[in-house]
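Summary of structural features
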Amino acid sequence: MQKQPVIRGHNKSWSRAWLDIRTGLSLWPLWGRLGWNDILQRYRRSMLGPLWLTASMAIMVVSLGILYAELFKTPINDFLPFLCVGLLIWNLMSTFLMEGGTLFTGSESYIKQVRLPYTVYVFRSCWSKLIIFFHNFLIYFGVIWYFGIWPGATALLAIPGLAILLLNGALTSLTLGMISARFRDIPQLVNSVVQIVFFVTPIMWKPELLQHRTYIADANPFFHLVEIIRGPLLGSVPDPKHYLAALIITLLNLVVAGLFFARFRSRISYWV
């Protein structure tokens, strides 16, 4: 008899969390507009708008590509496309991590004044990041055109890879957003860790440089999420191990984010 209220409360938390997700998805005109408005506000009165990010990214790709191709004694027509796609994907991935901490605290005014599903803020964040990613993606077309690279139909495999990355980014943002709303030091910690992870992930260097120590790259979860997109965009089918690792990462993220959201969803408004 004593366990029944606990079971009902547990099921109620999960049903409310699931209702939040479904309602959030149905409000796509709202979070779509909010995500677009975030970009407009950030680049208000700017002539190029978000294309400033594209210009700076292009300069970084070209300059670092030339430098590191020389340092690693790698043909630039092989290294620069590799670096370009890697940086584009990493930029999307890292923004989920670095901005996930402010997912709810940055929307404090909305949360305290308007009753909306919390997943609206997750979808809003994902949408604005996806828009910027597609702006920066113009660099990719320029690089493959210059070097005469044509990935063909293999490039279509990047679409499910991008979907997997976005799902993991949304789940990670949701988890970090809740934890950071309770513990405000988390965003600073995450930003420090992201800087370290960047250098140990094969973005600016190729896994082959590790020679017989490639297990170092294989143990890096970020490497697999990058490779399921980078491989197809460069014309190669990713190794099945990358998809397997991405599936495991996604399942872990689903479990962690689901448990946190069902358990602490009702406390978010008090924490912010």
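Now for a quick tour of the structure. (Residues numbered from 1 in each chain as written. Predicted model: local features only at pLDDT ≥ 70, side-chain atom pairs only at ≥ 80, totals over all residues. Heavy atoms only, no water.)

Regarding the packing of aromatic side chains
For clarity, the threshold we go by: Each pair of aromatic rings taken from Phe, Tyr and Trp, with Trp reduced to its six-membered ring, is defined by centres within 6.5 Å and is described as stacked if the planes are under 30 degrees apart, edge-to-face if over 60, and tilted in the remaining cases. Labels follow the DSSP assignment, with helices taken as runs of H or I lasting at least four residues and strands as runs of E lasting at least two, numbered in each case from the N terminus. Over a ring means this: the NZ of a Lys or the CZ of an Arg is within 6 Å of the ring centre and within 35 degrees of the ring normal.
Under the defined criterion, the tally for this structure stands at 17 aromatic pairs. Both rings, one in F72 and one in F79, keep their centres 6.1 Å apart while their planes meet at 70°; by these two values the pair is edge-to-face. Aromatic side chains F260 and F264 sit 5.7 Å apart centroid to centroid with 55° between the ring planes, which places their arrangement in the tilted category. Of this pair, F260 and F264 are both found in helix α12 (residues 240-264), four residues apart, which corresponds to roughly one turn of the helix. Directly above the aromatic system of F96 lies the positively charged group of K129, at a separation of 5.7 Å from the ring centroid.

Brief notes about unusual backbone geometry
Leaving glycine aside, a negative phi is the common case for residues, and trans is the common case for peptide bonds. Phi at K73 is positive, roughly 55°, even though this residue is not glycine. Here K73 lies in the loop between α3 (51-71) and α4 (76-100). Positioned with a positive phi, Q211 is a non-glycine residue whose angle comes to about 55°. Inspection of the secondary structure puts Q211 in the loop between α9 (186-200) and α10 (215-218).

Some thoughts on the packing of α4 against helix α7 (residues 138-147)
So the rule is basically this: Lines fitted to C-alpha atoms define the axes, with helix axes restricted to the stretch in contact, and inter-axis angles between N-to-C directions lie between 0 and 180 degrees. For classification, angles of less than 35 degrees are called roughly parallel, those exceeding 145 degrees roughly antiparallel, those between 65 and 115 degrees roughly perpendicular, and all remaining angles oblique. By definition, residues are in contact when any of their heavy atoms lie within 4.5 Å.
For the pair α4 and α7, interaxial distance at closest approach is 10 Å and the crossing angle is 170°. The orientation of α4 with respect to α7, classified from their angle, is roughly antiparallel. On α7, the residues touching I76, N77, L80, P81, C84, V85 and L88 of α4 are I139, Y140, V143 and F147.

As for the packing of helix α6 (residues 119-136) against α7
The interhelical angle for the contact between α6 and α7, taken along N-to-C directions, is 25°, at an axis separation of 4 Å. For the element pair α6 / α7, the angle class is roughly parallel. Where α6 abuts α7, its residues F134, H135 and N136 lie against L138, I139 and Y140.

Comments concerning the pattern of salt bridges
The cut-off we apply is this: Definition used for salt bridges: Asp or Glu carboxyl oxygen within 4 Å of a side-chain nitrogen of Lys or Arg. The rule is simple: take the accessible area with a 1.4 Å probe, protein chains only, and divide by the maximum for that residue type; under 20% is buried, over 50% is exposed, in between is partly exposed.
For the structure on display, the rule yields eight salt bridges. Across the pair D38 and R124 runs a salt bridge whose closest N-O atoms are separated by 2.8 Å. A residue pair is termed long-range when its members are at least 10 positions apart, and D38 in helix α2 (residues 28-42) and R124 in helix α6 qualify at 86 residues. With a relative accessible area of 25%, D38 lands in the partly exposed category.

Quick look at the environment of L165
Tracing the chain through its elements places L165 in helix α8 (residues 158-182). A relative accessible area of 3% places L165 in the buried class. Along the sequence, L165 and V226 sit 61 residues apart, while their C-alpha atoms lie 8.2 Å from each other. Ignoring anything within four residues of it in the chain, the contact list for L165 reads I89, L92, M93, L225 and I229.

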